[in-house]
Amino acid sequence: MAAASAAQLAVNGGVKMANNSQAYLEGDKVKQTKSLIAELCRHFYNQGWVSGTGGSITIKVHDDSVPKSQQLIVMSPSGVQKERMVEEDMYILSSDGSILSAPLAKPTPHKPPKCSDCAPLFMKAYQLRNAGAVIHSHGMESCLVTMLNPLAKEFRITHMEMIKGIQGHGYYDELVVPIIENTAYENELTESLAEAIKAYPKTTAVLVRNHGIYVWGDSWISAKTQSECYHYLFDAAIKLHQLGLDWTTPSHGPIQNAKISALAPNGSIKPSRQCIVLDIEGTTTPISFVTDVLFPYARNNVGRHLDATYDSAETQQDIKLLRAQVQQDLENGVAGAVCIPSDDAGKMEVIAALVANVEAMIKADRKITALKELQGHIWQTGFQNSELEGLVFDDVPAALEKWTASGIKVYIYSSGSRLAQRLLFGHTKHGDLRKHLCGFFDTTVGNKRETKSYTEITASLGVDNPSEILFVTDVYQEATAAKAAGLEVIISIRPGNGPLSDNHGFRTIRSFSEI
């Protein structure tokens, strides 16, 4: 009988059966997690994050014998004094969110126990990000920072040391946190939070306007560390705002409240240019660098990269995106799409199918997120190993320096991933040019030939009028789409660029010194 039970636990799903047993629920690993949450809630109370019974925290029960996706979830209850919580107050949930154990009611005046109203939102972070812990804070900083610009859909900050504490970010990077609108009841935020998580694959947090923030990490340590860094950065942004300084720019210079105006040719008042958005290929960088250097490097190294990093969370996420894209391609009959076998087929078979699909995607020059994310990670290795060096036209560095010194914010919008953009400008013979750049846009905001993409960028930059943004590109269709959104547009004429029709109707330049 004992042998049969052991065999049963060894089959697929057996581990999950075991960690749902009463003995496991009352075991040391669950007790330690409960105790940890009680301790952290007292700490967060002292930070001002969970006062007035607000806020919450949830942690997966770490157990190396249980796959992370099947680990139990311990969650603090709703409507209780967080600084007085004890182990017995916690809820235990299965990996699918079902309640396995609930606390007993306490005598009056305590309220009956209730599972956290945040539970559905926590589950989205677990399911969509494979998180190990999630923290929901009502910290004042996370609330006020969403009010600095009531229309903003994102919080942005750059060139602050504490950005390095956020997963996947460095000092020169721009940290972007999506903002969703608050609702009367917490569980009504579930879908909008899920949409934000999907729309921002690099984010580890979502702000809720006039409410607070949700932060997740691979472990409770990661979630706690990032929460502290987020609150620090929010507080810094608020203080910089009070000082009249712009936290979204590398220089953190004065906020340009006064609009410098000039007369347009017809004598009307023309608003000053506040932002410049640059394309990369054919604008800052020769097209040949992308086609003859970057693309071949990615194509030639995709197999090596996947083999070396196959088990990493980053590569597994890339594979997940590629699987979804290939499945869609197969359904739509896209040429070159090859079915990717399940993980059971073995690592080498999966990699071979991935390589075939990636080669076909690169050959077709497809502008899709799944491909761009993987290419960015391959190029990252190349830049780190000094096998690649970013290339820009010689007039670019001086122009970037001149524009930023005059208070103009400069952004990049390219079909390449944000990571690839940062790598290119961070590793040039002119040094690291990211200090002159305020942010990076990629195809997650939309296709570059669609007007709505530039409308989205305009909303993100927070200008009063889209005409305050100059967009520079070498592609006529992109120029047309940006102009339809109200942006000022210039077409870049560079060696190797495609021909323009004689009646294109746009101003052209051959060097950034002309701007």
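Given the structure is predicted, the values throughout are model-derived calculations rather than measurements. (Residues numbered from 1 in each chain as written. Predicted model: local features only at pLDDT ≥ 70, side-chain atom pairs only at ≥ 80, totals over all residues. Heavy atoms only, no water.)

Undergrad: Any chance you could explain the domain arrangement of the protein chain here in plain terms?
TA: How big an interface is tends to be stated in terms of the accessible area lost upon association of its parts. Along its sequence, the protein chain is carved into domain 1 (22-243), domain 2 (275-282 + 390-514) and domain 3 (288-385). Taking only C-alpha atoms, the centre of domain 1 and the centre of domain 2 are 37 Å apart. On the side of domain 2, 13 residues touch domain 1, which itself brings 10 residues to the contact. Between domain 1 and domain 2, a total of about 980 Å² is buried, with carbon and sulfur atoms accounting for 46% of that surface. Looking at the side of domain 1 facing domain 2, the largest losses of area belong to Arg156, Tyr172 and Glu174, adding up to 44% of the total buried there. Viewed at the interface, domain 2 and domain 1 are joined by two salt bridges. In this structure, Asp173 and Arg422 form a salt bridge, with 2.9 Å as the shortest nitrogen-oxygen distance. There are one residue pair in polar contact (both at pLDDT 80 or more) connecting domain 1 and domain 2. Of all the elements in the fold, those that place two or more residues in the side of domain 1 that touches domain 2 are strand 6 (154-158) and strand 7 (174-180). Per-class residue counts for the side of domain 1 that touches domain 2 are three nonpolar, three polar and four charged. (Domains from an automatic or database assignment. Contact = heavy atoms within 4.5 Å. Buried area = accessible area lost by both parts, 1.4 Å probe. Salt bridge = Lys/Arg side-chain N within 4 Å of Asp/Glu carboxyl O. Polar contact = N/O pair within 3.5 Å; in protein donor to acceptor, adjacent residues only side chain to side chain. Helix = DSSP H or I, 4+ residues; strand = E, 2+ residues; numbered from the N terminus. Nonpolar A, V, L, I, M, F, W, Y, C, P; charged D, E, K, R; others polar.)

Undergrad: What exactly am I supposed to notice about the sheet that holds strand 15 (residues 469-473) here?
TA: Hydrogen bonds between backbone atoms are what pair the strands of a sheet, whose relative direction is either parallel or antiparallel. On the basis of which strands lie adjacent, the open sheet formed by six strands has the order 14-13-12-15-16-17 and parallel pairing. Since the sheet does not close on itself, it has two edges, and those belong to strand 14 (439-441) and strand 17 (507-509), each with one partner. Strand after strand, the sheet turns through a mean of 25 degrees between neighbouring axes, direction not considered. Looking at chain direction, strand 15 and strand 16 (residues 488-492) are connected through four bridges and run parallel. Following the sheet pairing, Phe471 is matched in strand 16 by Val489. (Pairing = 2+ DSSP bridges. Axes fitted to C-alpha atoms, helices over the stretch in contact; angles between N-to-C directions.)

Undergrad: Would you mind showing me how to read the nonpolar core here?
TA: Across soluble globular proteins, nonpolar side chains have a tendency to be buried as a group. In this structure, Leu278, Trp379, Trp403, Phe425, Val472, Phe512 and Ile515 are the most contacted members of the largest nonpolar core, which totals 55 residues. The residue makeup of this core includes at least three contributed by each of domain 2 (275-282 + 390-514) and domain 3 (288-385). Ignoring sequence-local partners within four residues, the contact set of Phe512 consists of Leu278, Thr283, Thr284, Asp395, Val396, Ala399, Trp403, Val472 and Arg494. (Core = buried A, V, L, I, M, F, W, Y, C linked by side-chain atoms within 4.5 Å. Buried < 20%, exposed > 50% of the residue type's maximum accessible area, 1.4 Å probe, protein only.)

Undergrad: Mind showing me how you'd approach the state of the cysteines here?
TA: Two cysteines form a disulfide when their sulfur atoms are joined by a covalent bond. In this structure the tally under the stated criterion is zero disulfides. Lacking any disulfide linkage, Cys41 is separated from the closest cysteine sulfur, that of Cys118, by 11 Å. Cys115 supplies the cysteine sulfur nearest to Cys118, a cysteine that is in no disulfide, at a spacing of 9.5 Å. (Disulfide = S-S within 2.5 Å.)

Undergrad: Sorry, what's going on with the sheet that holds strand 3 (residues 91-93) here?
TA: The nine strands lie next to each other as 4-3-2-1-5-9-8-7-6, forming an open sheet whose pairing is mixed. Both outer strands of the open sheet, strand 4 (99-101) and strand 6, are each paired with one neighbouring strand and no more. Across this sheet, the average inter-strand angle for adjacent strands is 25 degrees, counted without regard to direction. Relative to the sheet, helix 8 (residues 220-242) contacts strand 1 (56-60), strand 5 (133-137), strand 6, strand 7, strand 8 (205-208) and strand 9 (212-217), its axis offset from that of strand 9 by approximately 145 degrees.

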